[in-house]
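# Observations on the model geometry
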Amino acid sequence: TIVWYLINYSPFDIAYKLYSVFSIRLVICAIKEVQRAKKISLGVSHAFHEYPHSVVTCVLVGLLKGTGYLEMKIFARLVRGVWLPASTEFLQPSFTTKISLLSAIAFFCDLLDMIPLPRHQVFLTVVGV
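Quick look at the structure, then.

So, how was this worked out
Residues numbered from 1 in each chain as written. Predicted model: local features only at pLDDT ≥ 70, side-chain atom pairs only at ≥ 80, totals over all residues. Heavy atoms only, no water. Salt bridge = Lys/Arg side-chain N within 4 Å of Asp/Glu carboxyl O. Helix = DSSP H or I, 4+ residues; strand = E, 2+ residues; numbered from the N terminus. Buried < 20%, exposed > 50% of the residue type's maximum accessible area, 1.4 Å probe, protein only. Phe/Tyr/Trp six-rings, centres within 6.5 Å; stacked < 30°, edge-to-face > 60°. Lys NZ or Arg CZ within 6 Å of the ring centre and 35° of its normal. Patch = residues over 30% accessible without salt bridge, like charges linked within 9 Å, V, L, I, M, F, W, Y side chains within 5 Å. Areas by Shrake-Rupley, 256 points an atom, 1.4 Å probe, with all protein chains shown as cover. Contact = heavy atoms within 4.5 Å. Polar contact = N/O pair within 3.5 Å; in protein donor to acceptor, adjacent residues only side chain to side chain.

Another point: the pattern of salt bridges. As enumerated under the stated definition, the model contains one salt bridge in all. Here glutamate 33 makes a salt bridge to arginine 36, at a shortest N to O gap of 3.2 Å. Taken together, the positions of glutamate 33 and arginine 36, both in helix H3 (residues 22-50) and three residues apart, correspond to about one turn of that helix. Glutamate 33 gets classed as partly exposed once you look at its relative accessible area, which sits at 30%. Arginine 36 sits in the buried class, given a relative accessible area of 8%.

Written out as structure tokens, the structure reads:
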């Protein structure tokens, strides 16, 4: 995508030097976490719309929307021929997987009106964590 082209083809490594600045990296990481929370929220909402009585499905769809690339590593390794069954994301979850699971549970509880906060405040709380 465009980020790959900027990193690899920018003259004098301008994109890499900009990303190396701590304040710019902090802003980029904050934007990335807002996007992740939005994907989890939309995934849980969509699954709740389709399967309103299935807690596991709603939370799993939110989890996969938030950490789909980590789960796809398993299949990419299988295709490449480097199968490591002990290093799956479900057996040894990373921090991203754990926080995405908690976020999906929080958004699901919000859809059931178990959290007495407006939806945008729940979203800001999830992003802040």
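Applying the stated criterion across every chain, the model contains five aromatic pairs. Plain terms: the ring middles of phenylalanine 48 and phenylalanine 108 are 5.9 Å apart, the flat faces sit at 75° to each other, and that makes the pair edge-to-face. Within this pair, whereas phenylalanine 48 is found in helix H3, its partner phenylalanine 108 is found in helix H5 (residues 95-111), the two being separated by 60 residues in sequence. Relative accessible area serves as the criterion here: at 21%, phenylalanine 48 is assigned to the partly exposed category. Given the relative accessible area of 6%, phenylalanine 108 is considered buried. Taken together, the aromatic side chains of Trp4, Tyr5 and Tyr9 make up a single cluster linked through ring pairs. Here the basic side chain of arginine 25 rests over the ring of tyrosine 19, its NZ or CZ set 5.2 Å away from the ring centre.

Among the surface-exposed residues, Phe12, Ile14, Leu18, Tyr19, Val21, Ile24 and Ile28 lie close enough to one another that they form a single nonpolar patch of about 650 Å² accessible area. By residue number, the principal contributor to the nonpolar patch is helix H2 (residues 14-20), which donates three residues.

Turning our eyes to something else, we now look at the environment of serine 100. Turning to its location among the elements, serine 100 is positioned in helix H5. The exposure class assigned to serine 100 is buried, which follows from its relative accessible area of 0%. Between the C-alpha atom of serine 100 and that of valine 21, which follows or precedes it by 79 residues, the distance is 27 Å. Setting aside residues up to four positions removed in sequence, serine 100 forms contacts with Arg36, Ile40, Leu63, Gly66 and Thr67. Reaching out from serine 100, the side chain makes a polar contact with the backbone oxygen of threonine 96 at a distance of 2.8 Å.

All we've got here are geometric facts, nothing functional implied.
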